[in-house]
Amino acid sequence: MKKITLLLLAVIAFNTISGQSKKKQILLLGTFHFENPGLDVAKINSFNVMSDRSQKELENIANKIKKFGPDKIFVEWNYQKQDKLDKFYNRNTDSLLHKQSDEIVQVALRSAKKLGHKKLYAIDYNNTDFPYDSLVKGMTAAGQFDLIKKNEETMKYYEKSQNEKIAKYSLTELLLDINTKKSNEDNIGWYVETATKGGKTDDFVGAYLVSEWYRRNLYMYALIQKLTESKDDKIMVLLGAGHTAMIREFVEHNPDFEIVELAAVLK
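Values in this document were obtained by computation on a predicted structure and should not be read as measured data.

What counts and what doesn't
Residues numbered from 1 in each chain as written. Predicted model: local features only at pLDDT ≥ 70, side-chain atom pairs only at ≥ 80, totals over all residues. Heavy atoms only, no water. Helix = DSSP H or I, 4+ residues; strand = E, 2+ residues; numbered from the N terminus. Buried < 20%, exposed > 50% of the residue type's maximum accessible area, 1.4 Å probe, protein only. Polar contact = N/O pair within 3.5 Å; in protein donor to acceptor, adjacent residues only side chain to side chain. Contact = heavy atoms within 4.5 Å. Pairing = 2+ DSSP bridges. Axes fitted to C-alpha atoms, helices over the stretch in contact; angles between N-to-C directions. Core = buried A, V, L, I, M, F, W, Y, C linked by side-chain atoms within 4.5 Å. Phe/Tyr/Trp six-rings, centres within 6.5 Å; stacked < 30°, edge-to-face > 60°. Lys NZ or Arg CZ within 6 Å of the ring centre and 35° of its normal. Expected span 1.5 Å × (residues − 1). Parallel < 35°, antiparallel > 145°, perpendicular 65-115°, else oblique. Salt bridge = Lys/Arg side-chain N within 4 Å of Asp/Glu carboxyl O.

A.B. asks: I'd love a proper account of the side chain of R110, names of residues and values included.
C.D. replies: Position of R110 relative to the elements: it lies in helix α5 (residues 103-115). Taking the relative accessible area as the measure of exposure, R110 reaches 5% and is therefore buried. Separated by 2.7 Å, the side chains of R110 and E59 make a polar contact. Apart from residues no more than four positions distant in its own chain, R110 is found in contact with Q55, L58, E59, A62, L97 and V105.

Written as structure tokens, this is what we have:
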């Protein structure tokens, strides 16, 4: 018992010391897919980031990110293919900016080049499962028709809400909206309120889907920690908003990091 108490005191003391040291600032920039492949469950309309107005906004956003000054920028690219990201990064920048609307190019690469970075850092982990069709089948087999209805209504509301915003918001307004506290909560809410309930009492298809989603994001968070060096004072993470909402949850329990809001960077 005495040994356990001493261990707990040591852990508390260590955490206190860690909390007093200088925290690393992390900008979590959640985004929608600029090149919308239509693979998500919710069907969201495309937004033209190549318009003159959006390109001016992207230049402003990149300049604000440069002013913030992250030492590293992490992106949603398979971490096992860092070599391909390196080759991609070293291609003609002007050509990429004029031809590819992908958010990695338009936000991350644009910003990294302005900062004089030598590379972007790949952190996506793709070896997970997302059995959405099996989840719906599990709900049906369990006779969870109210849950199915709630799920469909949630998806329709999200699609309608996002498509309305895409129709009237500027790119900057969209990004700021996606990175609000409410948006982060909504991104997590479906998983823990609806998906986990799916299936009969001996069928954990919903919980399995959620655990796989957590695993993918937790692995990405692990890579952020591993690739952030002691010399790095500030970092930026550019991922789909569903991912950054999860990463935020992990970071908030880590005394080594301090979250910097996008709104504060773009003001």
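Having put the structure on the table, let's press on.
A.B. asks: So what's going on with the sheet that holds strand β3 (residues 121-124)? Residues and values would help.
C.D. replies: Across the sheet, which stays open at both edges, the five strands sit in the order β3-β2-β4-β1-β5 with parallel pairing between neighbours. Of all the strands in the sheet, just β3 and β5 (257-260) have a single pairing partner and so form its edges. For this sheet, the mean angle separating the axes of adjacent strands, direction not counted, is 35°. Contacting β1 (24-31), β2 (72-78), β4 (234-240) and β5, helix α11 (residues 241-251) crosses the sheet at an angle of about 140° to β4.

A.B. asks: I'd like a rundown of the nonpolar core, residues and numbers included.
C.D. replies: Ranked by size, the top nonpolar core spans 37 residues in total, and within it L29, F32, V107, L120, L171 and M236 carry the most contacts. Among the elements that make up this core, the one with the highest residue count is α5 (six residues). Aside from chain neighbours lying at most four places away, what touches F32 is F47, E103, L171, L174, L175 and I178. I26, F74, V210 and L239 belong to the second largest nonpolar core, which has 32 residues in total.

A.B. asks: Just give me the short version of the packing of aromatic side chains, but keep the residues and values in it.
C.D. replies: Overall, the coordinates contain 13 aromatic pairs when judged by the stated rule. Aromatic pair Y132 and W190: ring centres 6.2 Å apart, planes at 40°, arrangement tilted. With Y132 in helix α6 (residues 132-141) and W190 in helix α9 (residues 181-193), this pair connects stretches of sequence that are 58 residues apart. By way of ring pairs, the aromatic residues F130, Y132, W190, Y191 and W213 are connected into one cluster. Geometry around Y89 places K113 over its ring, the cationic atom sitting 4.0 Å from the centre. One Lys or Arg, R215, reaches over the ring of Y219 and ends 5.5 Å from the middle of that ring.

A.B. asks: An account of the environment of L175 is needed here, citing residue identities and associated values.
C.D. replies: Inspection of the secondary structure puts L175 in helix α8 (residues 171-178). Accessibility expressed as a relative area gives 2% for L175, which makes it buried. In the structure, L175 is positioned 144 residues away from T31 in sequence and 6.2 Å away in space, judged by C-alpha atoms. Residues within four places of L175 in sequence aside, it is in contact with L29, G30, T31, F32, I61 and L262.

A.B. asks: Explain helix α7 (residues 145-168) to me, and be specific about the residues and the numbers.
C.D. replies: For α7, built from 24 residues, the straight-helix expectation of 34 Å at 1.5 Å per residue is met to within 8% by its first-to-last C-alpha distance of 35 Å. For α7, the set of buried residues is L147, I148, N151, M155, S161, Q162, N163, K165 and I166. At its buried positions, α7 is contacted by α6, α8 and α9.

A.B. asks: Now, about the packing of helix α2 (residues 52-68) against α8: what can you tell me, with residues and values included?
C.D. replies: Their axes nearest at 9 Å, the elements α2 and α8 cross at an angle of 55°. Classed by the angle they form, the pair α2 and α8 counts as oblique. Counted together, S54, E57, L58 and I61 of α2 and L171, T172 and L175 of α8 form the full contact between these two elements.

A.B. asks: For the pattern of salt bridges, give the residues involved together with the corresponding values.
C.D. replies: Counting across every chain of the model gives twelve salt bridges. A salt bridge links E76 to R216; its shortest N-O distance comes to 3.6 Å. Separated by 140 residues along the polypeptide, E76 in strand β2 and R216 in helix α10 (residues 205-227) bring together distant segments of the chain. Looking at R216, the relative accessible area reads 17%, which means it is buried. A salt bridge links E212 to R215; the nearest nitrogen and oxygen atoms lie 3.0 Å apart. Of the two residues, E212 and R215 both sit in helix α10, three residues apart, roughly one turn of that helix. Relative accessible area serves as the criterion here: at 8%, E212 is assigned to the buried category. Linked by salt bridges that have partners in common, E59, R110 and K114 make up one network.

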